[in-house]
Amino acid sequence: DRVLCSDSLNDGVRYVEVIEAEIMNEVSGDEIGWMRLDLSDGTSITMTEDHPLRVHRKGRQGCVKLAAEVDPQTDSVMCLRLVQNRIVAVNKSIAPPLVSQG
């Protein structure tokens, strides 16, 4: 599996492979600390309290904070968004241009 991530080193986005995923405290039975961030555009993001986020403040360079440590109304996050688009036309039997192999 892969996830789409913000790549701050290359100032862009890229897919990265998921090597391992686990739910913490599953064995101990302790309740997992989940939280929801509500953003100014109406978007909400649900995550664990210890999820790292790259946050930005006006006039300052971004830094990484745990989700439980973000400051509402002060910190902001960059969002990658997938939007649904309506298909407006279907054209069958249209071959793509040939790509030169040399």
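Look up: the structure comes first, before these words.
Residues numbered from 1 in each chain as written. Predicted model: local features only at pLDDT ≥ 70, side-chain atom pairs only at ≥ 80, totals over all residues. Heavy atoms only, no water.

Trainee: Would you mind showing me how to read the overall build of the protein here?
Mentor: Across its full length, the protein holds 0 helices and 6 strands. For the protein, the succession of helices and strands along the chain, N to C, is β-β-β-β-β-β. When burial is assessed residue by residue, the protein has 9% of its 102 residues classed as buried. Partitioning the intrachain contacts of the protein with sequence separation of at least 6 by distance along the chain shows that 12% fall at a separation of at least 24. Summed over all atoms, the accessible surface of the protein reaches about 9,700 Å², with 50% contributed by carbon and sulfur. (Helix = DSSP H or I, 4+ residues; strand = E, 2+ residues; numbered from the N terminus. Buried < 20%, exposed > 50% of the residue type's maximum accessible area, 1.4 Å probe, protein only. Contact = heavy atoms within 4.5 Å. Areas by Shrake-Rupley, 256 points an atom, 1.4 Å probe, with all protein chains shown as cover.)

Trainee: Looking at this model, I keep getting lost on the layout of surface pockets. Mind explaining?
Mentor: Leftover empty space is mapped by rolling, across the atoms, a probe with the size of a water molecule. Reported here for the largest pocket is a volume of approximately 1,200 Å³. Surrounding the largest pocket, 30 residues form its lining, Leu 4, Cys 5, Ser 6, Met 78 and Leu 80 being those nearest its centre. Counting residues per element, the ones that place at least two in the lining of the largest pocket are strand 1 (2-7), strand 2 (12-17), strand 4 (44-48) and strand 5 (52-57). Volume-wise, the second largest pocket comes out at about 440 Å³. Lining of the second largest pocket is provided by 17 residues; of these, Asp 38, Leu 39, Ser 40, Gln 73 and Asp 75 occupy positions nearest its centre. With 3 residues, the single largest contributor to the lining of the second largest pocket is strand 3 (residues 34-38). (1 Å grid on protein atoms, 1.4 Å probe; cavity = no way out; pocket = protein on both sides within 12 Å on 5 of 7 lines; lining within 4 Å. Points joined across faces, edges and corners; volume = space filled by probe spheres on them.)

Trainee: I keep staring at the environment of Leu 4 and nothing clicks. Help me out?
Mentor: Along the chain, Leu 4 falls in strand 1. What makes Leu 4 partly exposed here is its relative accessible area of 37%.

Trainee: It is not clear to me how the packing of aromatic side chains should be interpreted in this structure. Could you clarify?
Mentor: Remark: the centre distance and the inter-plane angle together describe each pair of aromatic rings, the angle taken between the planes. Taken as a whole and assessed by the stated rule, the structure comprises 0 aromatic pairs. It is Arg 2 that lies over the ring of Tyr 15; its NZ or CZ is 4.5 Å from the centre. (Phe/Tyr/Trp six-rings, centres within 6.5 Å; stacked < 30°, edge-to-face > 60°. Lys NZ or Arg CZ within 6 Å of the ring centre and 35° of its normal.)

Trainee: Explain the pairing of strand 4 here, please?
Mentor: Within a regular beta strand, the side chains point alternately toward one face of the sheet and then the other, so they alternate between its two faces. Note that strand 3 and strand 4 share 5 bridges and pair antiparallel. Across the sheet, Arg 36 pairs through a bridge with Thr 46, a residue of strand 4. The hairpin formed by strand 3 and strand 4 contains 5 residues between the paired strands, and Gly 42 there has a positive phi angle of roughly 95 degrees. (Pairing = 2+ DSSP bridges.)

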